[in-house]
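Chain by chain, the residues:
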Amino acid sequence: MVYYKFLATTPYCGTDHEEYFAYEEQPTVQELTETAKEICLQNAESYEYLLTGWDGENFEDISEEEQQELLDDYYADCSCSYKQI
C-alpha cells in the first residue's frame, strides 16, 4: 500500500482541508495531479461564499467583469499539494 496526504488551501484563514488516500500500487503523477485538482476545486467552491457573501450579497454593487475578476483571482490563489506519507 502507498499512502498520500492531500492539503487544499484557499486565501482565507481556517479553510485548509486535508484528505488521505491509500493506493494498492504507486499512482502516476497524472493521477495524483488530477486528484489534487478535484480536491482543490471542491474546497475552493465550498468557501467561495467568503468572497461573494451569502446569496452573492457582496457582488450586488459591482459589474459582472469585476465579479469575474475577483472570482478568477480567488481561484488562482487556491491550491492543493500532496505528499507520500
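Residues numbered from 1 in each chain as written. Predicted model: local features only at pLDDT ≥ 70, side-chain atom pairs only at ≥ 80, totals over all residues. Heavy atoms only, no water.

1. Section: the overall build of the protein
Then, number 1: Helix and strand content of the protein: 3 helices and 3 strands.
Then, number 2: Tracing the protein from N to C terminus, the helices and strands come up as β-β-α-α-α-β.
Then, number 3: The C-alpha radius of gyration computed for the protein amounts to 16 Å, which surpasses the reference 12 Å derived for 85 residues by more than 25%, pointing to a less compact arrangement than a globule.
Then, number 4: When its C-alpha atoms are laid out on the principal axes, the protein stretches across 50 × 25 × 15 Å.
Then, number 5: When the 85 residues of the protein are sorted by exposure, 28% land in the buried category. (Helix = DSSP H or I, 4+ residues; strand = E, 2+ residues; numbered from the N terminus. Rg over C-alpha atoms; globule rule 2.2 N^0.38 Å. Buried < 20%, exposed > 50% of the residue type's maximum accessible area, 1.4 Å probe, protein only.)

2. Concerning the sheet that holds strand E1 (residues 2-9)
Then, number 1: With antiparallel pairing, the 3 strands of this open sheet are ordered in space as E2-E1-E3. Pairing within the sheet leaves two strands with one partner each, and these edge strands are strand E2 (17-23) and strand E3 (79-84). Averaged over all pairs of adjacent strands, the angle between strand axes in this sheet comes to 20°, irrespective of strand direction.
Then, number 2: Strand direction decides the pairing type here: E1 and E3, joined by 6 bridges, are antiparallel. Note on E3: the bridge partner recorded for Phe-6 is Tyr-82.
Then, number 3: Here helix H1 (residues 29-46) sits on the sheet in contact with E1, E2 and E3, set at roughly 35° to E1. (Pairing = 2+ DSSP bridges. Axes fitted to C-alpha atoms, helices over the stretch in contact; angles between N-to-C directions. Contact = heavy atoms within 4.5 Å.)

3. A closer look at the nonpolar core
Then, number 1: Counting 16 residues, the largest nonpolar core has Tyr-4, Phe-6 and Cys-80 as its most contacted members.
Then, number 2: Where this core is concerned, the elements lending two or more residues are E1, H1 and helix H3 (64-76).
Then, number 3: At 5 residues, the largest contribution of residues to this core is made by H1.
Then, number 4: Dropping the residues within four chain positions of it, Cys-80 is found in contact with Phe-6, Leu-7, Ala-8, Ala-36, Ile-39 and Cys-40. (Core = buried A, V, L, I, M, F, W, Y, C linked by side-chain atoms within 4.5 Å.)

4. Some details on a negative patch on the surface
Then, number 1: A grouping of Glu-64, Glu-65, Glu-66, Glu-69, Asp-72, Asp-73 and Asp-77 is seen on the molecular surface, where their side chains present a negatively charged patch.
Then, number 2: With respect to the secondary-structure elements, Glu-69 resides in helix H3.
Then, number 3: A residue is classified by how much of its surface remains accessible, and Glu-69, at 52% relative accessible area, is exposed. (Patch = residues over 30% accessible without salt bridge, like charges linked within 9 Å, V, L, I, M, F, W, Y side chains within 5 Å. Areas by Shrake-Rupley, 256 points an atom, 1.4 Å probe, with all protein chains shown as cover. Salt bridge = Lys/Arg side-chain N within 4 Å of Asp/Glu carboxyl O. Lys, Arg positive; Asp, Glu negative; His and termini not counted. Charge placed at Lys NZ, Arg CZ, Asp CG, Glu CD.)

5. Let's talk about the environment of Glu-65
Then, number 1: Tracing the backbone shows Glu-65 in helix H3.
Then, number 2: Expressed as a C-alpha distance, the spacing of Glu-65 and Ile-85, which sit 20 residues apart in the sequence, is 43 Å.

Distances and angles like these do not, on their own, reveal function.
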